[in-house]
Amino acid sequence: MGRVLLCTGKYAKKPYCFENVCVNVYCVEELCFLFAGNPFMIDQSIMREELAQWLDNECGLTDLSHQLLNILGKGSQPGIFVNTIMSYVNYCTDTEIKKIDQVLQGNVGLNDFERQKKQADFLLKNRRYMLAIEEYDTLLRRLPDTESALKPVIYHNMGAAYAGLFMFELAARYFKKGYDMTKNEESGIEFLAAQRMYLSEEAYIAFIGEHGEYYNLSMQVEKRLTAAREEFEASEENRMLTALKIYKDEGNAASYYEEIDKIIAKKKDEYREFVS
C-alpha cells in the first residue's frame, strides 16, 4: 500500500502554467508530482517569482512562498528550489529525492540539446513511449549541424520507442537510420529484429537472402530470440498461462476465459498508458 499524502494548502482557482511542457497545476501536490515525474524540466526557467507568489495567493502557502523568494534572492540552484517545495509537502521519500538530485547533477555542463535528449531518454526508460517520440522528433527538427553526432543515438532510441508500441515497421525504419550512419552493431541487430517482427517469415528470409551484408547480424538476432524464448518459458507468466490451459482442458472454460479477459484488460490498460 502506498503512502497516504495529506493535502497541503488550498486548491487553486487559477492554475499555474508551465508553458514548456504545456501543463497546468492546481495545487502544490500536483506541482511536486510534475517535478518528480519530469526531473529534466528542473532548470533555471522554473525559478520564478510568479510561482512563489502563486503558491501564496492561490494555495495559501505563505510560509513556503517566503522561503522560495528568499532562495531566489540568494541566486541558489534549481535543485535547492525544488527540494524546498518537496520537503515542505513531504511528497517524496529520501530515495526519490536522491534520484532527482542525481538527474540534476547529470545535467551539469550539458547544452540545451543534450539536456533535451536526456529528457527524452528518461521518458523512454520509463516507458512513456509517445512522449519520448515527440521529444526526440522535436529535438531532431531543431538540432544544428554542430550537434549531428546526436542523430544516430536519437534514431536508435526512436526505434526503441516505436518497438515498445509494437509499431515494428516504424521501429525498423529508425533503427536502420541509426545503423546507416554509424554501422553500430546494436542498431543493426535491432533493425533486423524489428524486420523479423513485422515481415512474414518467408519475406524475412527472402530479405536476408537478398542482403548478405546482414547475415552475421541476423545470426545474432536468432540467438537473442532463442534466449528470449527460453527466458519466457521459465517465467511466472508462462507458468500462469500453462496453468490456465490445463484449467481449460479440464472443462472449466468459463473460469479460463474470465482470467484471460483480466490479463487482456490489464495489457490494454498498460498500452493505453504508453500511448496517452
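Everything here concerns the structure above.
Residues numbered from 1 in each chain as written. Predicted model: local features only at pLDDT ≥ 70, side-chain atom pairs only at ≥ 80, totals over all residues. Heavy atoms only, no water.

Participant: Can you lay out the packing of aromatic side chains for me, pointing to particular residues and giving the numbers?
Facilitator: Following the criterion strictly, the structure yields eleven aromatic pairs and no others. Look at Phe207 and Tyr214: their rings are 5.9 Å apart centre to centre, the planes differ by 15 degrees, and that puts the pair in the stacked class. Feature note: the residues Tyr16, Phe18, Phe35 and Trp54 constitute an aromatic cluster, connected by ring pairs. (Phe/Tyr/Trp six-rings, centres within 6.5 Å; stacked < 30°, edge-to-face > 60°.)

Participant: Account for the nonpolar core, naming residues and giving values.
Facilitator: In globular proteins that are soluble, nonpolar side chains generally tend to be buried together. Core analysis: the largest hydrophobic core is formed by 33 residues, its most contacted members being Tyr136, Ile154, Met158, Phe191, Leu192 and Tyr214. Elements supplying a minimum of two residues to this core: helix 6 (112-125), helix 7 (129-142), helix 8 (151-164), helix 9 (168-182), helix 10 (185-198), helix 11 (201-210) and helix 12 (215-233). No other element matches helix 7, which puts six residues into this core. With near-sequence residues (within four places) excluded, Tyr136 lies in contact with Lys117, Ala120, Asp121, Leu124, Ile154, Asn157 and Met158. Counting residues in each nonpolar core, the second largest holds 32 residues, with Val25, Ile42, Trp54 and Leu61 among its members. (Core = buried A, V, L, I, M, F, W, Y, C linked by side-chain atoms within 4.5 Å. Buried < 20%, exposed > 50% of the residue type's maximum accessible area, 1.4 Å probe, protein only. Helix = DSSP H or I, 4+ residues; strand = E, 2+ residues; numbered from the N terminus. Contact = heavy atoms within 4.5 Å.)

Participant: Run through unusual backbone geometry, naming residues and quoting values.
Facilitator: Positive phi is not limited to glycine here, since Phe166 has a value of about 65 degrees. With a phi angle near 60 degrees, Lys183 is a residue other than glycine that sits in the positive phi range.

Participant: If you had to explain the environment of Arg142 to someone new, which residues and values would you point to?
Facilitator: You can see Arg142 is positioned in helix 7. Judged by relative accessible area, Arg142 falls into the partly exposed class, the value being 39%. A C-alpha to C-alpha distance of 8.6 Å links Arg142 and Phe113, two positions 29 residues apart in sequence. Ignoring any residue separated from it by four or fewer positions in sequence, one finds Arg142 in contact with Asp112, Phe113 and Gln116.

Participant: A description of helix 8 should follow, citing residues and the corresponding values.
Facilitator: Taking 1.5 Å as the rise per residue, helix 8 with 14 residues should run 20 Å; its terminal C-alpha atoms sit 20 Å apart, in good agreement. Taken across its 14 residues, helix 8 has ten buried, putting it largely inside the fold. Of the residues making up helix 8, those classed as buried are Pro152, Ile154, Tyr155, His156, Asn157, Met158, Gly159, Ala161, Tyr162 and Gly164. Tucked into the core, helix 8 has its buried residues touching helix 6, helix 7, helix 9 and helix 10. (Expected span 1.5 Å × (residues − 1).)

Participant: With reference to specific residues and values, describe the layout of surface pockets.
Facilitator: Here the second largest pocket defines a volume of roughly 480 Å³. In terms of lining, the second largest pocket is formed by 19 residues, of which the most central are Ala163, Gly164, Phe166, Phe168 and Met197. When residues of the lining of the second largest pocket are traced back to their parent elements, those giving at least two are helix 8, helix 9, helix 10, helix 12 and helix 14 (253-275). Tallying contributions element by element places helix 10 first for the lining of the second largest pocket, with five residues. Considered class by class, the residues forming the lining of the second largest pocket number 13 nonpolar, one polar and five charged. (1 Å grid on protein atoms, 1.4 Å probe; cavity = no way out; pocket = protein on both sides within 12 Å on 5 of 7 lines; lining within 4 Å. Points joined across faces, edges and corners; volume = space filled by probe spheres on them. Nonpolar A, V, L, I, M, F, W, Y, C, P; charged D, E, K, R; others polar.)

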